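Chain by chain, the residues:
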Amino acid sequence: MATVRAVERAGRTRGRRAVVAALLAVVVLAGCGASGGSDAAPSSTTRSSTTTTRPTTTASPTTSSPRSTSSTTTPPTGACPTGGRTGVVERSVQVAGEQRSYLVYVPEGLSGPAPLVVTVHGLGSNAVEQLAYSGFSALADRDGFLVASPQARGFPTMWNFLQPASEPTSDAAFLKAMDDDIAATWCVDPARRYVSGISNGSAVTFALACAGSFGFAAYGGVAGALYGPPCADAPPAPIIYFHGSDDPVVPIDGGQALRTVVKPVADTMAAWADHNGCGGPEVQDVCANVTRTTWSGCDDDATVDYYRVEGGGHTWPGAIDVPRLGPTTHEIMASELMWAFFQAHPAS
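Overview of the structure.

Rules used in this analysis
Residues numbered from 1 in each chain as written. Predicted model: local features only at pLDDT ≥ 70, side-chain atom pairs only at ≥ 80, totals over all residues. Heavy atoms only, no water. Helix = DSSP H or I, 4+ residues; strand = E, 2+ residues; numbered from the N terminus. Pairing = 2+ DSSP bridges. Axes fitted to C-alpha atoms, helices over the stretch in contact; angles between N-to-C directions. Contact = heavy atoms within 4.5 Å. Buried < 20%, exposed > 50% of the residue type's maximum accessible area, 1.4 Å probe, protein only. Polar contact = N/O pair within 3.5 Å; in protein donor to acceptor, adjacent residues only side chain to side chain. Parallel < 35°, antiparallel > 145°, perpendicular 65-115°, else oblique. Left-handed = near helix turned anticlockwise from the far one by under 90°. Nonpolar A, V, L, I, M, F, W, Y, C, P; charged D, E, K, R; others polar. Salt bridge = Lys/Arg side-chain N within 4 Å of Asp/Glu carboxyl O. Disulfide = S-S within 2.5 Å.

### Observations concerning the environment of Leu131
Considering the arrangement of structural elements, one finds Leu131 in helix α2 (residues 127-134). For Leu131 and Val104, which are 27 residues apart along the polypeptide, the C-alpha to C-alpha distance reads 8.8 Å.

### Side note on the sheet that holds strand β10 (residues 282-287)
Hydrogen bonding along the main chain pairs the strands of a sheet, whether they run parallel or antiparallel. With respect to topology, 10 strands assemble into an open sheet ordered β1-β2-β4-β3-β5-β6-β7-β12-β11-β10, the strand pairing being mixed. At either margin of the open sheet sits one strand with a lone partner, and together these are β1 (87-95) and β10. Taken pair by pair, the neighbouring strands of this sheet meet at an average axis angle of 20°, ignoring direction. Lying on the sheet, α2 is in contact with β1, β2 (98-106), β3 (114-120), β4 (146-150) and β5 (188-198); it crosses β4 at an angle near 140°. Its contacts with the sheet put helix α4 (residues 171-185) on β1, β2, β3, β4 and β5, and the angle it makes with β1 is roughly 125°.

### Some thoughts on α2
Taking burial as the measure, the eight residues of α2 include seven buried ones, the bulk of the element. All of the buried residues along α2 are Ala127, Val128, Gln130, Leu131, Ala132, Tyr133 and Ser134. Capping the start of α2, Asn126 holds a side-chain oxygen 3.1 Å from the backbone nitrogen of Val128, two or three residues further along. Just downstream of α2, Gly135 is the residue with a positive phi angle, here 80°.

### Quick word on helix α7 (residues 334-343)
Burial analysis of α7 places nine of its 10 residues in the buried class, the great majority of the element. Restricting attention to buried positions, one finds in α7 the residues Ala334, Ser335, Glu336, Leu337, Met338, Trp339, Ala340, Phe341 and Phe342.

### Some thoughts on the packing of helix α3 (residues 136-143) against α7
At their nearest, the axes of α3 and α7 sit 9 Å apart, and the two run at 45° to each other. Between α3 and α7, the angle is such that the two are oblique. For the pair α3 and α7, the sense of crossing is right-handed. Within the contact between the two elements, α3 uses Phe136, Leu139, Arg142 and Asp143 and α7 uses Ser335, Glu336, Met338 and Trp339. Among the residues forming the contact of α3 with α7, the class breakdown is four nonpolar, one polar and three charged.

### Comments concerning unusual backbone geometry
Excluding glycine, most residues fall at negative phi; most peptide bonds, likewise, are trans. Of the consecutive residues Phe155 and Pro156, the connecting peptide bond is found in the cis state with omega at 0°. Relative to the helices and strands, Pro156 is located in the loop between β4 and α4. That bond from Gly280 to Pro281 is cis: its omega, 10°, falls within 30 degrees of zero. Positionally, Pro281 belongs in the loop between α6 (265-275) and β10. Even without glycine at this site, Ala96 takes up a positive phi of about 50°. Relative to the helices and strands, Ala96 resides in the loop between β1 and β2. In this structure Ala96 comes out as exposed when scored by relative accessible area, which is 54%. One non-glycine residue with positive phi stands out, namely Asp301, at about 55°.

### With respect to the pattern of salt bridges
This structure, assessed with the given rule, holds nine salt bridges. For Glu336, the salt bridge identified is with Arg142, shortest N-O distance 3.0 Å. Highlighted residues: Glu336 in helix α7 and Arg142 in helix α3, separated in sequence by 194 residues. Given a relative accessible area of 15%, Glu336 falls into the buried group. Overall, Arg142 belongs to the partly exposed group, its relative accessible area being 48%.

### Concerning the state of the cysteines
As enumerated under the stated definition, the model contains two disulfides in all. The partner cysteine of Cys210 in its disulfide is Cys231, sulfur to sulfur 1.9 Å. Here the disulfide of Cys210 and Cys231 is right-handed, its torsion about the S-S bond being about 55°. Of the two residues, Cys210 sits in helix α5 (residues 200-211) while Cys231 sits in the loop between β6 (218-222) and β7 (239-244), which places them 21 residues apart along the sequence. Between Cys278 and Cys298 runs a disulfide, and the two sulfur atoms are separated by 2.0 Å. Torsion about the S-S bond of the Cys278 and Cys298 cystine: about 110°, corresponding to right-handed handedness. Of this pair, Cys278 sits in the loop between α6 and β10 while Cys298 is found in the loop between β11 (290-295) and β12 (304-309), placing the two residues 20 residues apart along the sequence.

### Quick notes on the pairing of β7
β7 sits mainly inside the fold: six of its six residues count as buried. Of the two faces of β7, the one carrying Ile239, Tyr241 and His243 and the one carrying Ile240, Phe242 and Gly244 are both buried. Both β7 and β12 contribute to a ladder of six bridges, which runs parallel. Residue pairing in the sheet places Ile240 in a bridge with Asp305 of β12.

### Focus: the pairing of β2
Summarising burial for β2: seven of the nine residues are buried, a large majority. Summarising the sheet, β1 and β2 pair through nine bridges and their orientation is antiparallel. Looking across to β2, one finds that Ser92 is bridged to Ser101. In sequence, β1 turns back onto β2 through a hairpin of two residues, with Ala96 there showing a positive phi of about 50°. Pairing geometry for β2 and β4, over four bridges, is antiparallel. Paired with Tyr102 across the two strands is Pro150, which belongs to β4.

Dropping the structure here:
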């Protein structure tokens, strides 16, 4: 019987890999050679507890315990909650006596249980800007999922990704409280919860993978990757990541990045692949200026995809141009590729 289960598991893994390859191939072929993309700034979003304004988006260690949905989010029972509103909804939660806020984008006609994609803004940005900049809202309209965008504290706004959720006032504790609130308000599929981010927000994404206790099924990052000893006990984590070769803020070859020193991106992603028990790597030129390195054959199918963007800056591929942060490629769309990767990696 154990042999039968092993064969069945291997079959599912091969099938899932085929799905991943097909989805990513379609998305990459659709993006490569595409010209331009909007250079307009994201439209502002009215912030109130009842707003339904839609933001303008530019859609253009070794083996450990398997991924699971064990987290503060539990499968819905009885009738699925709907939240009652569509568009952008602002909510707040109390965390150790402090009110913290976040946005949720709810597409019309959403049916549950629905996937959830959390997207975390970078240093100095905010939840409104990230919701628009990432382009996930347009994909949510098309494919029917929730998008959550949490708001950091301070001026400039910044996430402390080093503090664990066990510290009551930490950002991680806030993200857990947000996760609970979303699950209580909307009908979320606990096996299809994903998190993404850029820069400081991408570091948060990797820190959540290192924590291993949030139950996210897969992780997506742009311009900010990390791996270290605290990650060693985490379960395998499927990761898709993007970094520009000319990033002026977080150097791709490692070095000083604002208040911290970072390792070379290639080394960090290889460390995650080793952590996940992957084979490979396999390198593919997917566009004129984009190379994908893939580590597959991983424990619990926790694939690692790393997209290197030649000439790219500290920017989200496929989004609006932000010249002060360097060039933005429009050959690929990070949000599209992340979403395809996420769809192929539900939690087991």
